[in-house]
Amino acid sequence: MGRDTHDRMANAIRALAMDAVEMAKSGHPGLPMGAADIATVLFTRFLKFDPADPAWPDRDRFVLSAGHGSMLLYAVLHLLGYADMTIAEIKRFRQLGSKTAGHPEYGHATGIETTTGPLGQGLANAVGMALAERIMAARFGDAIVDHHTYVLASDGDFMEGISQEAIALAGHLRLAKLIVLFDDNGITIDGKLSLADSTDQVARVKASGWNASRIDGHDPDAIGVAIEAARKSDRPTLIACRTTIGFGAPSKANSEKAHGSPLGAEEIKGVRARLGWNYPPFEIPADVIDLWRKAGARSQGTRKAWGERVAALDAATRAEFERRVAGKLPVSLATAVRAVKEQAIEKPEEIATRKASEVSLEALVEALPEMIGGSADLTGSNNTKTKNMTVIAPGEFKGRFVHWGVREHLMAAAMNGMALHGGIIPYSGTFLVFSDYCRPALRLAALMGKRVIHVMTHDSIGLGEDGPTHQPVEHLAALRAIPNLYLLRPADLTETAECWQLALQHADGPSVLALTRQNLPAMRKRFVEENLSARGAYELAPASAKAEVSLFASGSEVSLCLAAQEQLEKKGVPTRVVSVPCFELFFMQPAQYRYAVIGDAPVRLAVEAAVRMGWDAIIGTDGAFVGMSGFGASAPYQDLYAHFGITSEAVVAAALDSFGREKKAAGAKASARRSPSAR
């Protein structure tokens, strides 16, 4: 490709970007205009993809980590011929219902590999994608799985702390097929990058075991040579491409004025003159379109040859590969869950639900080879590594367990990348209190509708002596507030197995299993084939007569409610107990079922070693609550439960107090009806 041809192709990106932002009166034209040369070289010469089959499993992945530059991606997808990225969609940039959202959103249009915008997340997603590629290649061979992951990242991506976690692990694992193109334009929203940062990013990544180089980001030959060298590397590569933000803009190029605002009609007129782009807004000349469409068709032969190799696999291997890529669960899942539930009834024992999770995983990991586990340096505490699991290590990807190190931010975001890649169900562990570190990625997983499973142990003051810094109080409510996320808090081994099944079956969103450190008694006394936890809440223990009190609890507090029920029944107060392992699933149930489970007992009381927030949807604003209203303390867990009044005796006292007030109120109403004045 000659320089003139390259320039015309790159200028098509610049024109579409500036015109779309101008029409929307909103957006970021600077990055697409500055990085257009990088994108042109990458997509026309190196990236392996096929717009006719955008979900081709062995395509290269491209992650626009600098999601604010979304018009770069939309312009390229349109030019390459992705059917759903029409010029009409380009014109609807940032409008309600368009495929061209302000930041790229996974699922809105083909060719968008992940949702980006929160800086650093895309870079960390890409680490997960590159890791997933190597894991799948180790299982199915390089003839079937052999592709690269490319990232376009900005100064902001590298300033976010998650970037260091991503860089460090990628370098440690030697993820050689990860290539990061750094749009090194030296400009942020506030102005020059030097206002806030003076880091040598090339030296930084080299210190973590990467290859790295600096090039002129507007020299297509230099870009090509650098990418070619990166593809031959035995380590991940950073290519720092020095670019000019808003390239071509007469007065706003190389300044923050080109970053996050439309250029304006006069400036755009100047751009057209400088670039020799003498076409109306949104008009791309036919010869340029033809060049881009030919680039889009470049990998069709490669894709067809790949399909032939897949077809040549033995039937069992081909079926397994296709099942895993499609995200379909094997029939063996139900068998594995049943075995654990039967074991729980036949040999009941007091165990922590983190241990119950380990017992469940021993069966599940054998049944589902796509499950890849891990922990953020808390393996022995989270119980996420089963006996037969081997470890993924630098250059060795046949294992099924990732030691993420103390890197919860990366772990959660990379798990998203693994799920986005396909063929893998990632799960991993940390303490529930550290869900705060995972929250940005958890939110994006919920937004994208991706199946990732987080095992979060030490779920309350029940963790004991580590004290309030490690004792989650508000975290259950905070996680329940995320749409499309299942917060699963089981009470025993049976419920834990059921909750694992629900998390695995939740193909369209993330799940968190909140698990105890302390031992709990077995709640279920008989085997039931149905997954009762799937209803979110169910009556665990009925009252002896028409219930006067309904007790609701999740996890470790269910056993307190059962003990309280026994005491209340002895006092002549019929009481029922409802286990509530998952609010989200319960609220999805038909109204008739919800009303039946909540019941009509005059007293409703919820018990959870956490804040009340969220429980009013079940017990009502006038319902009673036994739980936490502040932070915890450092002490043995038994002392903490007593100190904070989360005991069966406290539940009984609260129930009787509410019951007494209800009886008194009912008596007053009856008396009023009998009085002469009432008649």
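Above this text is the structure in question.
Per-chain numbering applies: the sequence of each chain, read as written, is numbered from 1 onward. A pLDDT threshold of at least 70 governs which residues receive local features in this predicted model, and a stricter bar of 80 or more applies before side-chain atom pairs are shown or counted, although totals over entire chains, interfaces and linings include all residues. Side-chain descriptors were evaluated using all non-hydrogen atoms of the structure, hydrogens and water having been removed beforehand.

Colleague: What is the right way to look at the packing of helix H14 (residues 332-346) against helix H20 (residues 493-505) in this model?
Modeller: When two helices pack together, their arrangement is given by the angle between the helix axes and the distance between those axes. Geometry is summarised by axes, namely lines fitted to C-alpha atoms with helices restricted to the contacting stretch, and by angles between N-to-C directions that run from 0 to 180 degrees. A run of H or I in DSSP becomes a helix once it reaches four residues, and a run of E becomes a strand once it reaches two; helices and strands are each numbered from the N terminus. Where H14 contacts H20, the axes come no closer than 8 Å and their chain directions differ by 165°. Considering the angle they form, H14 stands roughly antiparallel to H20. Where H14 crosses over H20, the handedness of that crossing is left-handed. Here Leu-333, Ala-334, Val-337, Val-340, Lys-341, Ala-344 and Ile-345 of H14 lie close against H20, whose contacting residues are Leu-493, Thr-494, Ala-497, Glu-498, Gln-501, Leu-504 and Gln-505. Each residue gets one label: Ala, Val, Leu, Ile, Met, Phe, Trp, Tyr, Cys and Pro are nonpolar, Asp, Glu, Lys and Arg are charged, and the others, such as Gly, are polar. Looking at side-chain class alone, the contact of H14 with H20 contains 9 nonpolar, 3 polar and 2 charged residues. Should an angle fall under 35 degrees it is called roughly parallel, over 145 degrees roughly antiparallel, and 65 to 115 degrees roughly perpendicular, with every other angle called oblique. Handedness of a crossing follows from how the near helix is turned relative to the far one, being left-handed for an anticlockwise turn of less than a right angle and right-handed for a clockwise one. Whether two residues touch is decided by their heavy atoms; if any such pair falls within 4.5 Å, the residues are in contact.

Colleague: Help me out: how do you make sense of the pattern of salt bridges in this one?
Modeller: Proximity of charged atoms lets side chains of opposite charge pair with each other. Salt bridge criterion: a side-chain nitrogen from Lys or Arg within 4 Å of a carboxyl oxygen from Asp or Glu. Tallied over the full model, the rule gives 35 salt bridges. A salt bridge links Asp-146 to Lys-177, with the nearest nitrogen and oxygen atoms 2.0 Å apart. Linking Asp-146 in the loop between helix H5 (121-140) and strand S2 (149-153) with Lys-177 in the loop between helix H7 (162-173) and strand S3 (178-184), this pair joins segments that are 31 residues apart in sequence. Here's how the labels work: a residue is buried when its accessible area is under 20% of the maximum for its type, exposed when over 50%, partly exposed in between, all with a 1.4 Å probe on protein chains only. With a relative accessible area of 35%, Asp-146 lands in the partly exposed category. Between Asp-657 and Arg-661 there is a salt bridge whose closest N-O contact spans 3.1 Å. With Asp-657 and Arg-661 both in helix H26 (residues 648-674) and 4 residues apart, the pair spans about one turn of that helix.

Colleague: Is there a simple way to think about the sheet that holds strand S6 (residues 211-216) in this case?
Modeller: Overall, parallel pairing links the 5 strands, which are arranged S1-S2-S3-S7-S6 in an open sheet. Of all strands in the sheet, those with a lone pairing partner are strand S1 (61-64) and S6, marking the two edges. For this sheet the average axis-to-axis angle between neighbouring strands, irrespective of direction, equals 15°. Sheet topology places S6 next to strand S7 (residues 237-242); 6 bridges connect them, and they run parallel. For Asp-216, the partnering residue across the bridge sits in S7 and is Arg-242. Its contacts with the sheet put H5 on S1, S2 and S3, and the angle it makes with S2 is roughly 170°. The strands that helix H9 (residues 220-231) touches are S2, S3, S6 and S7; relative to S6, the one it contacts most, it runs at about 170°. Strands qualify as paired when DSSP identifies two bridges or more between them.

Colleague: Would you mind showing me how to read the packing of helix H2 (residues 30-46) against helix H3 (residues 70-80) here?
Modeller: Where H2 meets H3, the axes come as close as 9 Å, and the angle between the chain directions of the two elements is 40°. Taken together, the axes of H2 and H3 lie oblique to each other. For the pair H2 and H3, the sense of crossing is right-handed. Listed contacts from H3 to Leu-31, Pro-32, Ala-35, Ala-36, Ala-39 and Phe-43 of H2 are Met-71, Leu-72, Val-76 and Leu-80.

Colleague: Before we go on, may I ask you to explain the packing of aromatic side chains in this structure?
Modeller: For any pair of aromatic rings, geometry is given as the distance between the ring centres together with the angle between the planes. Between rings of Phe, Tyr and Trp, where Trp is taken as its six-membered ring, a pair exists when centres lie within 6.5 Å; planes separated by under 30 degrees are stacked, by over 60 edge-to-face, and by other angles tilted. Under the criterion given, the structure shown has 17 aromatic pairs. Between Phe-43 and Phe-49, the aromatic rings sit 6.0 Å apart at their centres with planes inclined by 70°, giving edge-to-face as the arrangement. By relative accessible area, Phe-43 is classed as buried at 4%. Seen from their ring centres, Phe-583 and Phe-587 are 5.9 Å apart, and the 70° between their planes marks the pair as edge-to-face. Here Phe-587 and Phe-583 lie together in helix H22 (residues 583-587), a separation of 4 residues that amounts to about one turn.

Colleague: Is there a simple way to explain empty space enclosed by the protein in this structure?
Modeller: Over the atoms, a rolled probe matching the size of one water molecule traces out where space is still vacant. Note on definitions: the grid is 1 Å and covers protein atoms alone; a cavity is a set of points where a 1.4 Å probe fits but cannot get out; a pocket is an open set with protein on both sides within 12 Å along at least five of seven lines; lining residues have an atom within 4 Å of a point. Grid points are joined across faces, edges and corners, and a volume is the space filled by probe spheres set on the points. All chains considered together, the criterion is met by 3 cavities of 30 Å³ or more. The space that makes up the largest cavity amounts to roughly 110 Å³. If you go around the largest cavity, the residues you meet are Phe-43, Leu-47, Phe-49, Pro-54, Arg-59, Asp-60, Phe-62, Leu-73, Leu-77, Tyr-82, Gly-111 and Glu-113. Residues of the lining of the largest cavity, tallied by class, amount to 8 nonpolar, 1 polar and 3 charged. Here the second largest cavity defines a volume of roughly 80 Å³. Surrounding the second largest cavity, Ala-344, Lys-347, Pro-348, Glu-349, Ile-351, Asp-492, Leu-493, Thr-494, Leu-520 and Ala-522 form its lining. Partitioned by chemical class, the residues of the lining of the second largest cavity number 6 nonpolar, 1 polar and 3 charged.

Colleague: Could you clarify how one ought to interpret the layout of surface pockets in this entry?
Modeller: Quantified by volume, the largest pocket comes out at close to 660 Å³. For the largest pocket, the lining is made up of 36 residues, of which Tyr-106, Leu-420, His-421, Gly-422 and Lys-450 are closest to its centre. Where the lining of the largest pocket is concerned, the elements lending two or more residues are helix H13 (315-326) and helix H17 (408-421). The element best represented in the lining of the largest pocket is H13, accounting for 5 residues.

Colleague: Explanation requested: the side chain of His-458 in the structure shown.
Modeller: With respect to the helices and strands, His-458 occurs in the loop between strand S11 (453-457) and helix H19 (475-480). In this structure the side chain of His-458 is engaged in a polar contact, spanning 2.9 Å, whose partner is the side chain of Thr-457. Setting aside residues up to four positions removed in sequence, His-458 forms contacts with Arg-354, Ser-381, Phe-431, Leu-432, Leu-463, His-470, Pro-472, Leu-515, Thr-516 and Arg-517. Any pair of nitrogen or oxygen atoms within 3.5 Å is treated as a polar contact; in protein, a donor-acceptor pairing is required on top of that, and neighbouring residues in sequence qualify only through side-chain atoms on both sides.

Colleague: Just to check I follow, could you spell out the pairing of S3 for this structure?
Modeller: Both faces of the sheet carry side chains from a regular strand, because those side chains alternate between them. Of all 7 residues that make up S3, 7 are buried, and the element is covered over most of its length. Bridge analysis of S2 against S3 gives 5 bridges, and the strand direction is parallel. From the neighbouring strand, Ala-153 faces S3, where its bridge partner is Phe-182. In this sheet, S7 lies alongside S3 in parallel orientation, the contact comprising 6 bridges.

Colleague: Where do I start with the sheet that holds strand S15 (residues 549-553) in this structure?
Modeller: Two modes of strand pairing occur in sheets, parallel and antiparallel, and in both the strands are linked by backbone hydrogen bonds. If you walk across this open sheet you meet the 5 strands as S14-S16-S15-S17-S18, and the pairing is mixed. Two strands close off the open sheet at either side, each with one partner strand: strand S14 (538-541) and strand S18 (624-627). Across the sheet, the mean angle separating the axes of adjacent strands is 30° when strand polarity is ignored. One ladder, built from 4 bridges, connects strand S17 (residues 603-608) with S18; its direction is parallel. For Ala-606, the partnering residue across the bridge sits in S18 and is Phe-625. Along the sheet, helix H21 (residues 558-570) contacts S14, S15, strand S16 (575-579) and S17; its crossing angle with S16, the most-contacted strand, is approximately 170°. Seen against the sheet, helix H23 (residues 591-598) touches S14, S15, S16 and S17 and runs at an angle of roughly 130° to S16.

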